[in-house]
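Examining the three-dimensional arrangement
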Amino acid sequence: MSIKETVSAARSCWTTGDGAESDVVISSRVRVARNLAEFPFPHQLSDESAEQVIQAVSLAVNNTADQGIGILEMTGMGELTPVERQILVEKHLISPDLLENYKNKAVVLNNDESVSIMINEEDHLRLQCLLPGLQLHEAWHRLSSIDDVLEKTLDYAFDEKLGYLTACPTNVGTGIRASLMLHLPGLALVNQISGVLSTVSKLGFAVRGLYGEGTEATGNLFQISNQITLGQTEEDIIAGMVSVARQIIASERSARQALFKERREHMEDRVGRAWGILKHAGIVTSEEAMKLFSDLRLGRDLNIIDLIPPDLITELMIMTRPAFLLKMSGKDLSPFERDVQRAKLIREKLA
Amino acid sequence: MECERCKQRPATVHLTQIINNQKKTMNLCEPCAREFQTENFGFLPQMNLHNLLAGLFHHQLTNPFGQQGIQQAVSEGEICPRCGLSERRFAQQGLLGCGECYSKFGDKLEPVFRRIHGNNRHTGKVPERTGGKVKITNQINKLKNSLKEAVEREEFELAAQFRDQIKELEKKLGGEENACVN
Ligand SMILES: [Zn+2]
Ligand SMILES: [Zn+2]
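Residues numbered from 1 in each chain as written. Chains lettered and ligands numbered in written order. Predicted model: local features only at pLDDT ≥ 70, side-chain atom pairs only at ≥ 80, totals over all residues. Heavy atoms only, no water.

1. Here's the deal with the coordination of the zinc ion (ligand 2)
Residue and element names in this part refer to chain B. Only C80 (SG), C83 (SG), C98 (SG) and C101 (SG) from the protein reach the zinc ion (ligand 2) as donors, at distances of 2.3 to 2.4 Å. Given 4 donor atoms and angles of 101 to 123° at the metal, the environment of the zinc ion (ligand 2) is assigned as tetrahedral. Counting residues between consecutive donors of the zinc ion (ligand 2) along the chain gives the motif C-x2-C-x14-C-x2-C. Like C101, C98 is buried. (Donors = N, O, S within 2.8 Å, 3.2 Å for Na, K, Ca; no water. Tetrahedral: all angles 85-135°; square planar, octahedral: opposite > 155°, others 65-115°. Buried < 20%, exposed > 50% of the residue type's maximum accessible area, 1.4 Å probe, protein only.)

2. Describing the nonpolar core
Residues and elements named next belong to chain A. Ranked by size, the top nonpolar core spans 61 residues in total, and within it V30, L125, L150, L180, L184, I224 and I248 carry the most contacts. At 9 residues, the largest contribution of residues to this core is made by helix α7 (residues 234–262). Once residues lying within four places of it in the same chain are set aside, the contact partners of L180 are V25, S27, S28, L134, L136, F222, Q223, I224, M241 and A245. Ranked by size, the runner-up nonpolar core spans 46 residues in total, among them M77, L80, L88 and L312. (Core = buried A, V, L, I, M, F, W, Y, C linked by side-chain atoms within 4.5 Å. Helix = DSSP H or I, 4+ residues; strand = E, 2+ residues; numbered from the N terminus. Contact = heavy atoms within 4.5 Å.)

3. Let's talk about the environment of A:S49
By secondary structure assignment, the location of A:S49 is in helix α2 (residues 47–62). A:S49 gets classed as buried once you look at its relative accessible area, which sits at 18%.

4. Comments concerning the packing of helix α4 (residues 136–151) of chain A against α7(A)
All names here are of chain A. In the contact formed by α4 and α7, the axes pass within 10 Å of each other and the chain directions differ by 155°. Here α7 runs roughly antiparallel to α4, going by the angle between their axes. For α4 against α7, the interelement crossing comes out right-handed. Contacts between α4 and α7 pair L136, H137, W140 and H141 from the former with E234, E235, I238, A239, M241 and V242 from the latter. Here the contact of α4 with α7 is built from residues that sort into 6 nonpolar, 2 polar and 2 charged. (Axes fitted to C-alpha atoms, helices over the stretch in contact; angles between N-to-C directions. Parallel < 35°, antiparallel > 145°, perpendicular 65-115°, else oblique. Left-handed = near helix turned anticlockwise from the far one by under 90°. Nonpolar A, V, L, I, M, F, W, Y, C, P; charged D, E, K, R; others polar.)

5. A look at helix α9 (residues 286–301) of chain A
Between its first and last C-alpha, α9(A) extends 22 Å over 16 residues, near the 22 Å set by a 1.5 Å rise per residue. In the segment just after α9(A), A:N303 is the residue with positive phi, at about 60°. (Expected span 1.5 Å × (residues − 1).)

6. Regarding the confidence of the model for chain A
Taken over all residues, the pLDDT of chain A has a mean of 92, while the share at 70 or more is 98%. Scored below 50 in pLDDT, residues 211–216 of chain A shows 15 contacts in the model against residues more than four places distant or in partner chains. (pLDDT = per-residue confidence, 0-100.)

7. Quick word on the pattern of salt bridges
All names here are of chain A. As enumerated under the stated definition, the model contains 29 salt bridges over all chains in all. A salt bridge links E21 to R253, with the nearest nitrogen and oxygen atoms 2.8 Å apart. Taken together, the residues E21 in the loop between α1 (3–6) and β1 (25–34) and R253 in helix α7 connect sequence positions 232 residues apart. Residue classification places R253 among the partly exposed residues on the basis of a relative accessible area of 31%. (Salt bridge = Lys/Arg side-chain N within 4 Å of Asp/Glu carboxyl O.)

8. A short note on the confidence of the model for chain B
All names here are of chain B. Summary statistics for chain B give a mean pLDDT of 72 and a share of 67% for residues scoring 70 or more. Of all helices and strands in chain B, the one with the weakest mean pLDDT is helix α3 (residues 70–74) (41), whereas helix α5 (residues 99–104) scores best (90). Counting interchain partners and residues more than four positions distant, the pLDDT-below-50 stretch residues 38–47 has 39 contacts.

9. Let's talk about the domain arrangement of chain A
All names here are of chain A. Per the domain assignment, the segments making up chain A are domain 1 (3–256) and domain 2 (263–350). Here the C-alpha centroids of domain 1 and domain 2 sit 26 Å apart. Each side of the interface is counted separately: domain 1 has 27 residues, and domain 2 has 22 residues. Interface area for domain 1 against domain 2, summed over the two sides, is near 2,300 Å², with a carbon-plus-sulfur share of 65%. Sorting the residues of domain 1 by area buried against domain 2 places A10, E90 and L189 first, and these three jointly supply 25% of that buried surface. At the boundary of domain 1 with domain 2, the tally comes to 4 salt bridges. We note a salt bridge from R256 to D301, for which the minimum N-O separation is 3.5 Å. (Domains from an automatic or database assignment. Buried area = accessible area lost by both parts, 1.4 Å probe.)

Structure, rendered in structure tokens:
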């Protein structure tokens, strides 16, 4: 897939709805930070040296052909329009940091968009593998083999005692950050979310979610990620995440089952209303859309409605973001026009 | 309540993050919250960690001198000979400037590592090529010390052995360097 196709389609490897435990785990992401020994870290680089880093990585990427890791394609951030750059963020392929001072930055994508490499973000290289469902081990193995191939050409900043050296000392050692995007509507509805999340954070993982008024998170989407990067192996870090995830998955499922058993009419009503609004509304804000998508997803996972393909809701989540709406309508949109456009798009996709 | 970020619109969204069991709430207007969410979606809020780090470092910097006498000492602190990053800038931004910074500020970073990671020694992946080089370099440095000691003790036969070993290893190091595409 070329970069132009990437910024034209909401679909990505991680949105397919495949992967284990996909009723709760939307996606698994593993990211590692790497730096080149001979250059200062990106925030200390001159424009000229930043370009040299890009050249060095470009050379390494060219050397990956026929190494069994697929085709990698590099694109300078300056080659993209602002909307296209923002779409890469909305698709979770790059971080917003890559948009700042973008002329000194580049991105490498593989064919199915499961792997992306950000160049000159906080570190020279940030390799990321993003897969649907619970697939942290798989993501790490894919990433590690690409890392190995690149390292044949690149001299990494590595210290025997401290491991991979990173711009921020919070990433030093393995340089690994593993995270899971979780959909937890059941726990939210039975008011157990804060308990579960504070337990998880006590175990040394960061938990985040966007809270609207009160305690309900918009879209009931949460992210957990590891905090520790030094002193444990990558496998241990990931195994720890997976075992915590399994506990969250189990409690989310039992909350859903309890809701379905004891408040079935309420649940059917909730899902039916979401379906009705999304199919007929004329103006939908992004916050409302996220809430309704969550209800719809829950309805599908509880078999209350079965007409929705597994990947559609995740794709809609991306498609209804601002840059995507802009790209599809081909012109600037006011916030109001955006809400109208969003509603129209949802109606079409659910028709 | 006004939005913490733009300080213009009223705050209607309350974003809660839990990091290291510390609950932190941000009060934002909807546009800013949306932006913040997009920005942080899938990525860690490094800012908080930077603050912690800068706090720790600043604490170490200022503590021995008390509140008043610190002006001089804090001005820039030590400076990395390779990239020019000063301790003060590190404390401000929470980012090191280059690999060399780790050796330059190493002693001071030690407690930072312990606080963040509970550990100060890497046990994970070692890069195939660079890792091998690191090992050889360490071996060479060790042998150089032994060589120096042997010379001091006037054990010249032993010293010659060390010298040969160093030469061998340096050849290996150079050979590897040539083998890689530059
Ligand atoms: Zn605001
Ligand atoms: Zn430095």
